[in-house]
Each structure stands twice: as structure tokens, then as C-alpha cells.
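Given next are the chains, with one letter for each unit.
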Amino acid sequence: MIRLLSIITALAALPLASGAQTSLAYKVSFPQYEHHEAQIQLSVRQAPDGPLTFHMSRSSPGRYATHEFGKNVYNVKALDASGKALEVRRLDGDIYQVRSHGTEFMLEYTLFGDYVDGTYVGIDRTHAHFNMPGAIMWVEGLDKAPVKITFDIPKELNWKIATQLMPTADPHTFTAPGLQYLMDCPTELSDFHLATWQVTNTDGNPLVFRLTLHATIADDVWDTLVSDLKRLVDQERKVFGEFASFDYGTYTFILDANAWDHGDGMEHRNSTCITLPMKQVESAQIPRVLDVCAHEFFHSWNVKRLRPKTIEPFNFTKSNMSNELWVAEGFTQYYGNLLLARAGFNSRQEEIALLGHYVDAYMTSPGALYFTPIWASQTAIFSDAGVSIDKNNFSNIFFSYYYYGANIACILDLHLRKDYHKSLDDYMKALWAQYGKVGRWYDVADLETTLAGLTTKAYAHTFFANYVYGTTRDNLDPYFAFEGLQVVNAGKGKASWGRVTFKVADDGHVAIDRGAVKGAPIYDAGLDIGDEILTLDGKNVGSASDITDYLGSASIGQKVTIGFLSRGVQGTVTVTLAEAQQYGLQPLSGDTSSYDALQNAWLGPQ
Ligand SMILES: [Zn+2]
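Residues numbered from 1 in each chain as written. Predicted model: local features only at pLDDT ≥ 70, side-chain atom pairs only at ≥ 80, totals over all residues. Heavy atoms only, no water.

**Points about the packing of aromatic side chains**
Note the threshold: Here a Phe, Tyr or Trp ring, Trp counted by its six-membered ring, pairs with any other such ring whose centre lies within 6.5 Å, and the pair is stacked when the planes are under 30 degrees apart, edge-to-face when over 60, and tilted otherwise. Segments assigned H or I by DSSP are reported as helices when at least four residues long, segments assigned E as strands when at least two residues long, and all are numbered from the N terminus. Burial classes follow relative accessibility: with a 1.4 Å probe on protein chains only, a residue under 20% of its type's maximum area counts as buried, one over 50% as exposed, and anything between as partly exposed. For a lysine, the NZ atom is tested; for an arginine, the CZ atom; a charge sits over a ring if that atom is within 6 Å of the ring centre and within 35 degrees of the ring normal.
Throughout the structure, instances matching the rule amount to 46 aromatic pairs. Between Y420 and Y459, the aromatic rings sit 5.2 Å apart at their centres with planes inclined by 55°, giving tilted as the arrangement. With Y420 in helix α11 (residues 401–420) and Y459 in helix α14 (residues 457–468), the pair connects residues that are 39 residues apart, well separated along the chain. Residue classification places Y420 among the partly exposed residues on the basis of a relative accessible area of 25%. Note on Y459: relative accessible area 13%, which makes it buried. Between K160 and the ring centre of F192, over which it is positioned, the NZ or CZ distance is 4.9 Å. Its guanidinium or amino end placed over the ring of Y362, R473 lies 3.6 Å from that ring's centre, counting from NZ or CZ.

This is the structure in C-alpha cells:
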């Protein structure tokens, strides 16, 4: 039974027999853009015999949770070469099948899209903003078939096309060598601003960068944005020593900043799609734009080419689970901030304060204290804009792999600087040479091997055992002190039952809103989010400030009896107050100028 099943599965995964000459041509038009609709026709040429099955995707490059793009597709029809209707069966919510057809036929559908971000589709009077998995129906078994896609822009609109799909002689028609590439090319149709510049890569080959921006922006602000982005991009190159060899020699920043946008940044192989809710891009907002660009462009190396084995090829029927997002996203998070400091957009103080926030979260979040970064990475399939209506226990079991990985990157960087006279840049360069540049994908064991090559086998083993496969941490004080910094606790000497916030419950009582998590004295005493606090040592609690006042005059180690109401059950618990925890990073006391050179090597321009 198992053998038979595996043979059937293996056959199902093979491309259809006559797929070699089959090609797919999409035509996208906008007869009702004011109602957020596009009309999409998919012509199958040299179609193989037998039933053909069409899917809307359930995953999208760079988005780690499963999404249901099929819900926004309707009026699905099939027509043969003479325009006669063919039968279309709906096999599942997002799966359609044409059982009987000739060598040429067409599938047609209406697409609705009114959500501008890096994952979905937004169509309106100002633009058509496509993330391909949200728009494109694909054909089972034909993912290697070459694709042509033509955008039919309404005559009254002044739209241009920004995409990393391959251009053709017709400015409205593009191609892709297959499904994987097509889906990795977000496309923006609008009257956008455009800047283009050329650089010479380390290998002597020219690379062209394009920045497109669909937004309201004054000319001088636009000029500043363009020159700032050039400076940032060049600083990023120095981490890896070279730019990636972009396909067709071009990389495109596709930016969209409008009041109705949802904030997002999504990396792709040769482009990034960045959306920002802004009425107008003013000079005060440039740092925010650069912040997203810094992170997303770093991905052109780290994740799009220096790539975990777990996330490619994309499985468009559900999200790919990964063990390595703490590197793919977390190290990118660390470098995104670091590069803003290195390029001079963030001050030294801002960068140190930001690292302090990361350290604080790492030292106080149950998801990082009790669960590994591998677990956090795996949980992305539920957490990365995943939609559900029931509650979860993420505040106790999940720490964002962005911040988890940023902390691990910072710790590893400091270890390498202090103990090996190397840096995380050296590690990234080594990973790039061994994996990213040569197109080999890595797993967690590979990451350890590369670290061992840069340090020692024993060190790499201990580091991975502690920080990656486990949750053990060594004393970080000497490492921060090496850079002239110290971890300080602003909560020192203050009594606390955890970082709890309150809200007013429907019955008017004070209820726990957030922060009752594992390790917090109030949680360990038995109270949870939503529980109402009626009394403290027998005194009635009328407002949250009664609690703050009470704790303000209490001392560490003091026992407090809490009268509570929880889902109709009334009772008391006794909580022992502990020292408050609110960590941050500060310079060591006294004159720290002797650390300037070391800090410059870390946080200064390279
Ligand atoms: Zn990212």
C-alpha cells in the first residue's frame, strides 16, 4: 500500500508528457478597475491531452503563512479555439479543471483585488498592484512551461509598468521562463516616478538599478530619496563584497506609498515590493522608506540566493515550513538596522538604543527563554500574517524570528569580534561564497560547518548547541564591554509582578490586558490575560492606577494577596514580587573614547 502510494505520488509530480512545447500566455485587462477588478485570460498553447487542472496559489514568495488567494477569483470560464464554451469543474475552492479541450484553448476569470501590500493585489483608479500569486492561476504539471504576459492598459490611464519580468519588443508584454520566476516578479502598473542608475559589480559586469515610486512626492524629496538609496545600496554591497548577479542585470525597487496602502516590504529575486501608508512622501519620512529598503535589499543576498533548502522551490499549494528564518529574516533584521547606521542614516546612539530594545525582548520573552529559534522559524507558517479567529498562546511560546535572529546575529558578531578578531561580515561572506553565490541551498548543519571553518569546530558546536538547538546563553557582559557597552536594567530595585498592562473589563473591573506570561510572578501565581483584579491585600481595586500606586510602594520579595475574578470564578492567589526587568544598552561609565575605533569598525561606514 505504501509502495503503491509513493509510485502514484511520484508520477503525479512529473511534468505532463507533452509539456515541452506547451506555452502559457496571460492577458490582463481592466474593464472595471474602479470596482477593483481585472479580467485575466490564460491561453494554453500546444496543450497536452487529458484533463488540465488550474490552481490559485495558497502561498506566496517571502510570505511564510498559508493564504487563500482563490477566494477573489470568479466567473471562471473556458473557451475552445472557436470560442465555444468548454466545461469547467470546480474541484475545490481554488482548483478548477477542464477535462476535455483541444490543443489550444483559453481559461478566463475575473480577479478582485483591493489590498495594497506585498502579498495581495490592489486595483483602483490609480494603479494595478500585483503580487503574482494573488492574481495568477497556474496549471498543474506545467510549471516549467514558458510564460508570456500582456497587460492591456486602459487608454485613459497613464500607466507604465514596473516589473522584473523579461521585457519584449512590445512594451506591454513580458516573459518568464516558468512559474517559479513568474511568481517572484511583483508588478506595478501606475504613473510612477522612475530613477535608473548603473553600477559596475566586482566582476566588472554592469548592473542597472531602478527605483519606481507610485506616490505624491516633491521633486527635491525624490532627489534626496534616490541619492540616499544609492548610498545605502553601496554600503550593503560591502558586507558581501559584491552585488548578486541579478537576472538580466537589473534590480528594481517597486515602491508604493499611498494613504490606502498597508505597510509591508517583500523581497524577491531581482526586486522588492515595498508599500507604505503615507498620504505623501515628505522628507521626514525618508528614514522610514530607507529602513524598509535596507532590510529588503539585504535579502537580494540573504534568502533569495543564500537560501535555506526548506523554502524553495516554492510550493504554491501551501506554505513552506523553514528551520532557518532566524538567519534568513533575523540576520537581515540585524543588518537592516546596522546598515542604516553604517551609511550614516541612524546615529550611533540610535543604533545602540535599538540593539538595547532587541536585547530587552530577548531577555524577557518566554518565546525566547524556553523555545529555540528553530521552533520560532517553524512557527512562521502560522504567524506571518496568518489569519485565524481563535486565540493562540504565542505570547508564551513564540518569539519573532526577526528579533530572535537579530539577537543571535548580534551575539555572534560580538563573539567573533572579541574572541576571533573577525566579524559577522566575514561569516556572511563565507556563507555567500559557499552557498549563495554558487546556488547551493543550506540547512542548519551547514551553517554550523561554515562557522567552524571561520573559528573552531568546538566553538561552532557549542554556539549552535546553546543558541540554535537550545536556549542556553552565556554571560554577554564581557562581549558588550569589549565594545564599550553595558546592559543596564532600568527596573533595578523596583518591585514588579511582570510587565503587565491593564484594561477595563465589561463589568467595570480592572482586568489584565497583556504581560501575564510565563516567568512573570503574576502568571506563575496563577493569573492570566483577561482575569480581573478585585483586591490587593484585601483593599478594593477601582482603577489601574490603584495597582500602580500599590506596587510603587511595595518592595522586592514582598508577598501580595490578589483577590481575582476569572470567568465567573472568584478566589485569591499570593504573588511574590520580583525585581522589575527593563533592559537596555548604554555606554560603559566614564570616558569611553578608547572604544571609538572598535565601535567604528562595527557600526561605522565600511
Ligand atoms: Zn525580511
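**Considering the environment of A597**
Examined against the element boundaries, A597 turns out to sit in helix α18 (residues 596–603). Taking the relative accessible area as the measure of exposure, A597 reaches 60% and is therefore exposed. In this structure, the C-alpha to C-alpha distance between A597 and E483, residues 114 residues apart in sequence, is 9.3 Å.

**Focus: the domain arrangement of the chain**
Note the cut-off: Boundaries between domains were set according to an automatic or database domain assignment. Accessible area that two parts lose when put together, evaluated with a 1.4 Å probe and summed over both, is termed the buried area. Salt bridges are counted wherever a side-chain nitrogen of Lys or Arg sits within 4 Å of a carboxyl oxygen of Asp or Glu. In protein, a polar contact requires one atom able to donate a hydrogen and another able to accept it; more generally it is a pair of N or O atoms within 3.5 Å, and residues adjacent in sequence count only if both atoms are side-chain atoms. In the scheme used here, Gly and all other residues not listed as nonpolar or charged are polar, with Ala, Val, Leu, Ile, Met, Phe, Trp, Tyr, Cys and Pro taken as nonpolar and Asp, Glu, Lys and Arg as charged.
As assigned here, the chain comprises domain 1 (7–189), domain 2 (193–300), domain 3 (325–485) and domain 4 (495–579). When each unit is reduced to the centre of its C-alpha atoms, the spacing between domain 1 and domain 2 is 27 Å. Both sides of the domain 1 and domain 2 interface together cover about 2,000 Å² of buried area, and 57% of this is carbon and sulfur. Three residues stand out in domain 1 for area buried against domain 2, namely V116, Q164 and P186, and they jointly supply 28% of the buried area on that side. For the interface between domain 1 and domain 2, the tally reads one salt bridge. R63 serves as the salt-bridge partner of D264, at 3.2 Å between the closest nitrogen and oxygen. Across the contact surface, domain 1 and domain 2 share 15 residue pairs in polar contact (both at pLDDT 80 or more). Its residues assigned to classes, the side of domain 1 that touches domain 2 comprises nine nonpolar, nine polar and five charged.

**Points about the sheet that holds strand β11 (residues 138–139)**
To keep it simple, the criterion reads: Should DSSP find at least two bridges between two strands, the strands are taken to pair.
Pairing is antiparallel across the open sheet formed by four strands, whose spatial order is β6-β7-β3-β11. The open sheet has two edge strands with one neighbour each: β6 (89–92) and β11. Both strand β3 (residues 52–55) and β11 contribute to a ladder of two bridges, which runs antiparallel. Residue pairing across strands places F54 opposite V139, the latter belonging to β11.

**Some words on the nonpolar core**
The criterion, for reference: The nonpolar core is taken to be a set of buried Ala, Val, Leu, Ile, Met, Phe, Trp, Tyr and Cys residues, with the residues joined through side-chain atoms within 4.5 Å.
Within the largest apolar cluster, 100 residues are counted, with the highest numbers of intra-cluster contacts made by F209, L211, F253, F331, Y334 and Y427. For this core, the two domains that each supply at least three residues are domain 2 (193–300) and domain 3 (325–485). If you look at the next biggest cluster of nonpolar residues, it comprises 55 residues, including F30, A38, L111 and V121.

**Quick look at the coordination of the zinc ion**
The criterion, for reference: Distances up to 2.8 Å from the metal define which N, O and S atoms are donors, and 3.2 Å serves for Na, K and Ca; water is absent from the atom set, so sites may look incomplete.
Protein ligation of the zinc ion involves H295 (NE2), H299 (NE2) and E329 (OE), the donor distances falling in the range 1.9 to 2.1 Å. For the zinc ion, the donor residues sit on a single chain with the sequence spacing H-x3-H-x29-E. H299 carries the same exposure label as H295, and that label is buried.

**Side note on the sheet that holds strand β9 (residues 122–123)**
Spatial strand order, β9-β10-β16-β13: four strands in an open sheet with antiparallel pairing. With partners counted over all chains shown, the strands left at the sheet margins are β9 and β13 (160–162), one partner each. In terms of strand pairing, strand β10 (residues 127–130) meets strand β16 (residues 187–190) through four bridges, oriented antiparallel. By the bridge assignment for β16, F130 is matched with T187.

**Some details on the side chain of D184**
The criterion, for reference: Every residue pair with non-hydrogen atoms within 4.5 Å of one another is taken to be in contact.
As for its position among the elements, D184 is in the loop between α2 (179–183) and β16. Of note is the side chain of D184, whose polar atom sits 2.8 Å from the side chain of H268. A polar contact of 3.1 Å, which involves the side chain of D184, links it to the side chain of K304. Setting aside residues no more than four positions away along its own chain, D184 makes contact with P61, E267, H268, R269, S271, K304 and F314.

**Topic: the confidence of the model for the chain**
For the record, the criterion: What pLDDT expresses is the predictor's confidence in each residue, scored from 0 to 100.
With 97% of its residues at a pLDDT of 70 or more, the chain has an overall mean of 95. Contacts from residues 1–19, a stretch scored under 50 in pLDDT, to residues over four places away or in other chains number nine contacts.

**Concerning helix α3 (residues 219–240)**
Formally: One fewer than the residue count of a helix, multiplied by 1.5 Å, yields its expected span.
End to end, α3 covers 33 Å across 22 residues, agreeing with the expected 32 Å (1.5 Å per residue, within 8%). Against β17 (193–200), β18 (206–215), β19 (250–257), α4 (286–298), α5 (325–342) and α12 (424–436) lie the buried residues of α3. Looking at the residues trailing α3, positive phi occurs at G241, about 85°.

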